[in-house]
Structure formats: C-alpha cells, structure tokens
Amino acid sequence: TLAQVGQALYGPSWQTPLGAALGVNDRTFRRWVAGEFNIPNGVWNDIAKLCEQRGKALSRWGERLKAGGP
C-alpha cells in the first residue's frame, strides 16, 4: 500500500519526496518500505491528508483548465 500510494503521489521516484513530506528519517522510512517496521497509524493519517491535498489541487487545476486556461 505504501508503495502504491507513494507512486500515485510522487511518481516512480516516490520514496525521498514522501519521506520528506512526512518529516521522517530516511533510515526509518526505508525500514517501513522493506516491511521491517510497522507504519504508525498517525503516519497513515498524514499520508491520507497528503492524498486529500493533492486531490483538491488537481481538481482545482482541472476546473481551471476546463474554463479555458492556466
């Protein structure tokens, strides 16, 4: 799930930007990716907020482009 959401948010090179957005130590983040550590529920909530923010931003851009331009 982490990889799928990360790729949806940040594309193929998702690990560094997602870790940075979450303010997580690189080593800890890579342990989450490898499944060595469980991801805390609070982090999932933070990821959900990132998804919501990205969705709202994309929706605004979609409306703006439909209206005729940037």
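Going by the structure above, here's the rest.
To keep things clear, this report deals only with the structure shown in the data block.

**Some details on the overall build of the chain**
(1) Moving on: A count of helices and strands for the chain gives four helices and zero strands.
(2) Moving on: The linear arrangement of helices and strands in the chain, starting from the amino end, is α-α-α-α.
(3) Moving on: Since a compact globule built from 70 residues should have a radius of gyration of about 11 Å, the 14 Å found for the chain marks it as more spread out than a globular shape.
(4) Moving on: Seen through its C-alpha atoms, the chain measures out along the principal axes to roughly 50 × 20 × 20 Å.

**A closer look at the packing of helix α2 (residues 15-22) against helix α4 (residues 41-66)**
(1) Moving on: Packing of α2 against α4 brings their axes to within 10 Å, and their N-to-C directions diverge by 110 degrees. When the interaxial angle is binned, α2 and α4 end up roughly perpendicular. Contacts between α2 and α4 pair L18, A21 and L22 from the former with V43, D46, I47 and L50 from the latter.
(2) Moving on: Across the contact of α2 with α4, the residue classes break down as six nonpolar, no polar and one charged.

**Some details on the environment of G42**
(1) Moving on: With respect to the secondary-structure elements, G42 resides in helix α4.
(2) Moving on: What makes G42 partly exposed here is its relative accessible area of 39%.
(3) Moving on: Taking C-alpha positions, G42 is 14 Å from F29, a pair spaced 13 residues apart along the chain.

Reading guide: rules and limits
Residues numbered from 1 in each chain as written. Predicted model: local features only at pLDDT ≥ 70, side-chain atom pairs only at ≥ 80, totals over all residues. Heavy atoms only, no water. Helix = DSSP H or I, 4+ residues; strand = E, 2+ residues; numbered from the N terminus. Rg over C-alpha atoms; globule rule 2.2 N^0.38 Å. Axes fitted to C-alpha atoms, helices over the stretch in contact; angles between N-to-C directions. Parallel < 35°, antiparallel > 145°, perpendicular 65-115°, else oblique. Contact = heavy atoms within 4.5 Å. Nonpolar A, V, L, I, M, F, W, Y, C, P; charged D, E, K, R; others polar. Buried < 20%, exposed > 50% of the residue type's maximum accessible area, 1.4 Å probe, protein only.

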